[in-house]
Amino acid sequence: GAGVSQTPSNKVTEKGKYVELRCDPISGHTALYWYRQSLGQGPEFLIYFQGTGAADDSGLPNDRFFAVRPEGSVSTLKIQRTERGDSAVYLCASSLTPLAGYNEQFFGPGTRLTVL
Amino acid sequence: GENVEQHPSTLSVQEGDSAVIKCTYSDSASNYFPWYKQELGKGPQLIIDIRSNVGEKKDQRIAVTLNKTAKHFSLHITETQPEDSAVYFCAASYNNDMRFGAGTRLTVKP
């Protein structure tokens with residue numbers, strides 16, 4: 001079946017602009033995660049949704065970052081007043097409802113964000 | 001919070017040799033340890049995982065071992081092939097909190 005998809009694959013924007021990144025999880029997966037990956041680093045957790053609600057947003061770096069998942073499937077990561085330091089690959093992952101803490105996550109291809 | 005250390009950062013082996021990547025974690029509550037392979041321009045792909053109630057797991061040429069007492073786990077790839085060349089990430093997770101290592105760039109020379 002279809003995996004996690006993310007759009008756009010690449011986004012170039014200017015400092016100070018607003019961007020939206022979209023994630024389509026695997027059908028039936030109730031959990032959805034956003035990560036940020038800087039060059040040469042592992043994915044860094046941003047936010048986790050269980051259904052429509054953000055169960056854990058402790059990884060969001062500041063209030064310029066916001067994410068929604070209004071119908072419990074597609075999610076949008078929104079970044080206001082972008083800064084050059086926001087440049088990274090933004091990864092989305094989804095999983096079935098974790099059972100007893102086990103959490104097999106499936107990743108999308110990512111959106112490469114470049115802030116000029 | 002959880003902290004995951006991964007070594008080495010780069011690893012070069014000859015085709016057919018074995019490759020070993022090691023990770024340590026700090027939070028004894030972590031109970032799920034996946035390994036991901038990431039190729040250039042793609043998202044991480046799960047290749048094998050192990051749960052805290054198991055000490056070792058094998059899938060063809062790939063095996064993972066876990067030492068809960070020492071809080072470390074390792075990935076073993078045998079009979080390496082050029083297509084194994086990629087960046088490999090370990091991770092440690094408890095509930096929905098997953099932390100990744102910094103990655104190991106594996107190069108398999110033909």
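Before reading further, recall that the structure is shown in the block above.
Just so we're clear, the structure is a prediction, and the values are computed from it rather than from any experiment.

Rules used throughout
Residues numbered from 1 in each chain as written. Chains lettered and ligands numbered in written order. Predicted model: local features only at pLDDT ≥ 70, side-chain atom pairs only at ≥ 80, totals over all residues. Heavy atoms only, no water. Helix = DSSP H or I, 4+ residues; strand = E, 2+ residues; numbered from the N terminus. Rg over C-alpha atoms; globule rule 2.2 N^0.38 Å. Buried < 20%, exposed > 50% of the residue type's maximum accessible area, 1.4 Å probe, protein only. Contact = heavy atoms within 4.5 Å. Areas by Shrake-Rupley, 256 points an atom, 1.4 Å probe, with all protein chains shown as cover. Pairing = 2+ DSSP bridges. Axes fitted to C-alpha atoms, helices over the stretch in contact; angles between N-to-C directions. Disulfide = S-S within 2.5 Å. Buried area = accessible area lost by both parts, 1.4 Å probe. Salt bridge = Lys/Arg side-chain N within 4 Å of Asp/Glu carboxyl O. Polar contact = N/O pair within 3.5 Å; in protein donor to acceptor, adjacent residues only side chain to side chain.

Some words on the overall build of chain A
Right, on to step 1. Counting its regular elements, chain A contains 0 helices and 11 strands.
Right, on to step 2. Walking chain A from its N terminus toward its C terminus, one meets helices and strands in the order β-β-β-β-β-β-β-β-β-β-β.
Right, on to step 3. Since a compact globule built from 116 residues should have a radius of gyration of about 13 Å, the 13 Å found for chain A is in line with a globular shape.
Right, on to step 4. Expressed along its principal axes, the backbone C-alpha trace of chain A runs to roughly 40 × 25 × 25 Å.
Right, on to step 5. The 116 residues of chain A split such that 46% are buried.
Right, on to step 6. Sequence-distant contacts in chain A: of pairs separated by 6 or more residues, those separated by 24 or more amount to 55%.
Right, on to step 7. Total accessible area on chain A stands at roughly 5,500 Å², and carbon and sulfur atoms take up 50% of it.

A look at the sheet that holds strand β3 (residues 19–24) of chain A
All names here are of chain A.
Right, on to step 1. The 4 strands are arranged β1-β3-β8-β7 in an open sheet whose pairing can be described as antiparallel. Where the open sheet ends on each side, the last strands, each with one partner, are β1 (5–7) and β7 (65–68). With direction set aside, neighbouring strand axes in the sheet form an average angle of 15°.
Right, on to step 2. Note that β7 and strand β8 (residues 75–79) share 4 bridges and pair antiparallel. Within β8, the residue paired with Val68 across the bridge is Thr76.

Examining the state of the cysteines
One covalent bond between the sulfur atoms of two cysteine residues makes up a disulfide.
Right, on to step 1. Under the definition given, this model contains 2 disulfides over all chains.
Right, on to step 2. Cys23 of chain A shares a disulfide with Cys92 of chain A; S-S distance 1.9 Å. An S-S torsion of about -70° defines the bridge between Cys23 of chain A and Cys92 of chain A as left-handed. Of this pair, Cys23 of chain A sits in strand β3 while Cys92 of chain A sits in strand β9 (residues 88–95), and the two are 69 residues apart along the sequence. The burial state of Cys23 of chain A is the same as that of Cys92 of chain A; both residues are buried.
Right, on to step 3. One disulfide in the model links Cys23 of chain B with Cys90 of chain B; its S-S distance is 2.0 Å. Taking the sign of the S-S torsion, about -100° here, the bridge from Cys23 of chain B to Cys90 of chain B comes out left-handed. On the criterion of sequence distance, the pair formed by Cys23 of chain B in strand β3 (residues 19–25) and Cys90 of chain B in strand β9 (residues 86–94) is long-range, its members being 67 residues apart.
Right, on to step 4. On the accessibility criterion, Cys90 of chain B (0% relative accessible area) is buried.

Quick look at the interface of chain B and chain A
Right, on to step 1. Counting residues at the interface gives 21 residues for chain B, matched by 20 residues for chain A.
Right, on to step 2. Of the roughly 1,700 Å² buried between chain B and chain A on both sides combined, carbon and sulfur atoms contribute 51%.
Right, on to step 3. When the area that chain B buries against chain A is broken down by residue, the three leading residues are Pro44, Asn96 and Phe100 of chain B, summing to 31%.
Right, on to step 4. Linking chain B with chain A are 0 salt bridges.
Right, on to step 5. For the pair chain B and chain A, the interface holds 2 residue pairs in polar contact (both at pLDDT 80 or more).
Right, on to step 6. At the level of secondary structure, the elements contributing two or more residues to the side of chain B that touches chain A comprise β4 (32–38), β5 (45–51), β9 and β10 (97–100) of chain B.

Structural notes on the pattern of salt bridges
Right, on to step 1. A full pass over the atoms with the stated rule returns 9 salt bridges over all chains.
Right, on to step 2. With a closest N to O distance of 3.6 Å, Lys42 of chain B and Glu39 of chain B form a salt bridge.
Right, on to step 3. Glu39 of chain B sits in the partly exposed class, given a relative accessible area of 32%.
Right, on to step 4. Salt bridges sharing common partners tie together Arg64, Glu83 and Asp86 of chain A.

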